[in-house]
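Here's the letter readout for the chains.
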Amino acid sequence: MFASDLDAASRQQLDRGQRLMALLKQPAYSPYPIEEMTVSLWLGTTGRLDKVPADDVLRFETEFLDFLRRSHDGILSAIRESLKFEDDTASAVSDAYDSFLDQFETSDGSSIKIGKEAAAEALGDDEVEQEQIVKQKRG
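Since the structure is predicted, the reported quantities are computational estimates derived from the model, not experimental observations.

Caption draft 1: Structural detail: the overall build of the protein. Of regular secondary structure, the protein possesses 5 helices and 0 strands. For the protein, the α and β elements follow one another from N to C terminus as α-α-α-α-α. Taken across its 139 residues, the protein has 26% of its residues classed as buried. The contacts in the protein between residues at least 6 apart in sequence include a share of 68% that link residues at least 24 apart. Working note: accessible area of the protein is about 10,300 Å², and carbon and sulfur atoms make up 51% of it.

If you want it as structure tokens, here you go:
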């Protein structure tokens with residue numbers, strides 16, 4: 001309710017928290033393997049889900065993990081065997097994430113990849129509200 005009164009950084013933190021809450025919801029009696037949980041938490045905590053609509057977070061996570069299993073299984077097995085998430089692993093997951101964005105579409109059919117945003121339409125003159133700046137002299 002108070003989100004409209006917040007600055008951009010606070011609003012962004014609330015949005016990220018909303019996505020993390022969606023990410024942490026998992027079906028009952030279906031625990032995630034440690035490597036998949038690690039990658040999912042990496043997605044949420046590094047801001048990789050910030051552009052994903054909150055309704056699409058679980059689908060994004062599921063499809064990204066499936067993409068890793070199919071195309072980059074070495075990443076998941078390295079995490080599983082070493083129980084570590086080091087810089088080279090993070091780099092490999094980041095590269096996989098970048099290539100996954102080429103194929104992911106949100107529920108409304110748009111892309112979240114930078115450079116593929118929908119073209120913005122200019123506002124008409126009747127839609128633009130302008131404010132008057134008034135200078136007052138201090139006396």
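Still more to cover.
Caption draft 2: Local environment of the packing of helix H2 (residues 34-45) against helix H5 (residues 87-101). Packing of H2 against H5 leaves a shortest axis separation of 12 Å and a crossing angle of 70°. In terms of their interaxial angle, H2 and H5 are classed as roughly perpendicular. Contact with H2, carried on its side by Val 39, Trp 42 and Leu 43, involves Ala 90, Val 93, Ser 94 and Tyr 97 of H5 and no other residues of that element. The residue inventory of the contact of H2 with H5, partitioned by class, reads 6 nonpolar, 1 polar and no charged.

Caption draft 3: Spotlight on the confidence of the model for the protein. Averaged over all residues, the pLDDT of the protein equals 83, while 83% of them reach at least 70. Within the protein, no element has a lower average pLDDT than helix H1 (residues 8-24), which sits at 83, and none a higher one than H5, at 93.

Caption draft 4: Quick look at a nonpolar patch on the surface. Judged by side-chain polarity, Leu 24, Ile 34, Met 37, Leu 41 and Leu 83 come together as a nonpolar surface patch covering roughly 480 Å² of accessible area. The biggest single contributor to the nonpolar patch is H2, with 3 residues. Within the secondary structure, Ile 34 sits in helix H2.

Caption draft 5: Focus on the packing of aromatic side chains. In this structure the tally under the stated criterion is 10 aromatic pairs. Aromatic side chains Phe 60 and Phe 64 sit 6.3 Å apart centroid to centroid with 15° between the ring planes, which places their arrangement in the stacked category. Here Phe 60 pairs with Phe 64, and both are found in helix H3 (residues 57-71), just 4 residues apart, close to one helical turn. With respect to burial, Phe 60 and Phe 64 carry one shared label: buried. Their ring planes at 35° and their centres at 5.8 Å tell us that Phe 100 and Phe 104 sit as a pair that is tilted. With relative accessibility at 1%, the residue Phe 104 sits in the buried group. Here the aromatic residues Trp 42, Phe 60, Phe 64, Phe 67, Phe 85, Tyr 97, Phe 100 and Phe 104 are joined through ring pairs into a cluster of three or more. The ring of Tyr 97 carries the charged tip of Arg 48 above its face, separated from the ring centre by 5.4 Å.

The rules behind each value
Residues numbered from 1 in each chain as written. Predicted model: local features only at pLDDT ≥ 70, side-chain atom pairs only at ≥ 80, totals over all residues. Heavy atoms only, no water. Helix = DSSP H or I, 4+ residues; strand = E, 2+ residues; numbered from the N terminus. Buried < 20%, exposed > 50% of the residue type's maximum accessible area, 1.4 Å probe, protein only. Contact = heavy atoms within 4.5 Å. Areas by Shrake-Rupley, 256 points an atom, 1.4 Å probe, with all protein chains shown as cover. Axes fitted to C-alpha atoms, helices over the stretch in contact; angles between N-to-C directions. Parallel < 35°, antiparallel > 145°, perpendicular 65-115°, else oblique. Nonpolar A, V, L, I, M, F, W, Y, C, P; charged D, E, K, R; others polar. pLDDT = per-residue confidence, 0-100. Patch = residues over 30% accessible without salt bridge, like charges linked within 9 Å, V, L, I, M, F, W, Y side chains within 5 Å. Salt bridge = Lys/Arg side-chain N within 4 Å of Asp/Glu carboxyl O. Phe/Tyr/Trp six-rings, centres within 6.5 Å; stacked < 30°, edge-to-face > 60°. Lys NZ or Arg CZ within 6 Å of the ring centre and 35° of its normal.

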